[in-house]
Amino acid sequence: MNVAYLIGAVVFVMAAGFAATLAVGWSNANRSENTGYGSGTGKKWTRLGLIYVLCVAIVLAVFFAILNR
C-alpha cells in the first residue's frame, strides 16, 4: 500500500474530527441546553487547539520517519 494513501486517510480523519468538534460546540441544541457552556471557552479552545497541533506534529513525525526509512 502506498504511504500517500495512509497520509491522506489520517489527514481526512483528523479534519473530520475537527469539523465534528466545531459542529457540536456551535450547535443551537448545545447552547440552549447548557447555558453555561459559553463561559470560560478561551481556555477550552486553547487546550483543544494545542491537542490538535500536537497530534498533527506527532503524525507528521511518524510519517516522515516512515518515508525516510
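These remarks concern the structure in this document. Being a predicted model, the structure only gives us computed values, none of them experimental.

**Regarding the packing of aromatic side chains**
One pass over the structure, following the stated rule, counts two aromatic pairs. On the numbers, 5.2 Å between centres and 85° between planes, the contact of Phe18 with Tyr52 is edge-to-face. Of this pair, Phe18 sits in helix H1 (residues 3–26) while Tyr52 sits in helix H3 (residues 41–67); the two residues are 34 residues apart in sequence, bridging distant segments of the chain. Centre to centre, the rings of Trp26 and Trp45 are 6.3 Å apart; their planes meet at 40°, and the pair counts as tilted. Highlighted residues: Trp26 in helix H1 and Trp45 in helix H3, separated in sequence by 19 residues. Residue Trp26 is classed as exposed on the basis of its relative accessible area, which comes to 53%. Overall, the relative accessible area of 33% leaves Trp45 in the partly exposed class.

Analysis parameters
Residues numbered from 1 in each chain as written. Predicted model: local features only at pLDDT ≥ 70, side-chain atom pairs only at ≥ 80, totals over all residues. Heavy atoms only, no water. Phe/Tyr/Trp six-rings, centres within 6.5 Å; stacked < 30°, edge-to-face > 60°. Helix = DSSP H or I, 4+ residues; strand = E, 2+ residues; numbered from the N terminus. Buried < 20%, exposed > 50% of the residue type's maximum accessible area, 1.4 Å probe, protein only.

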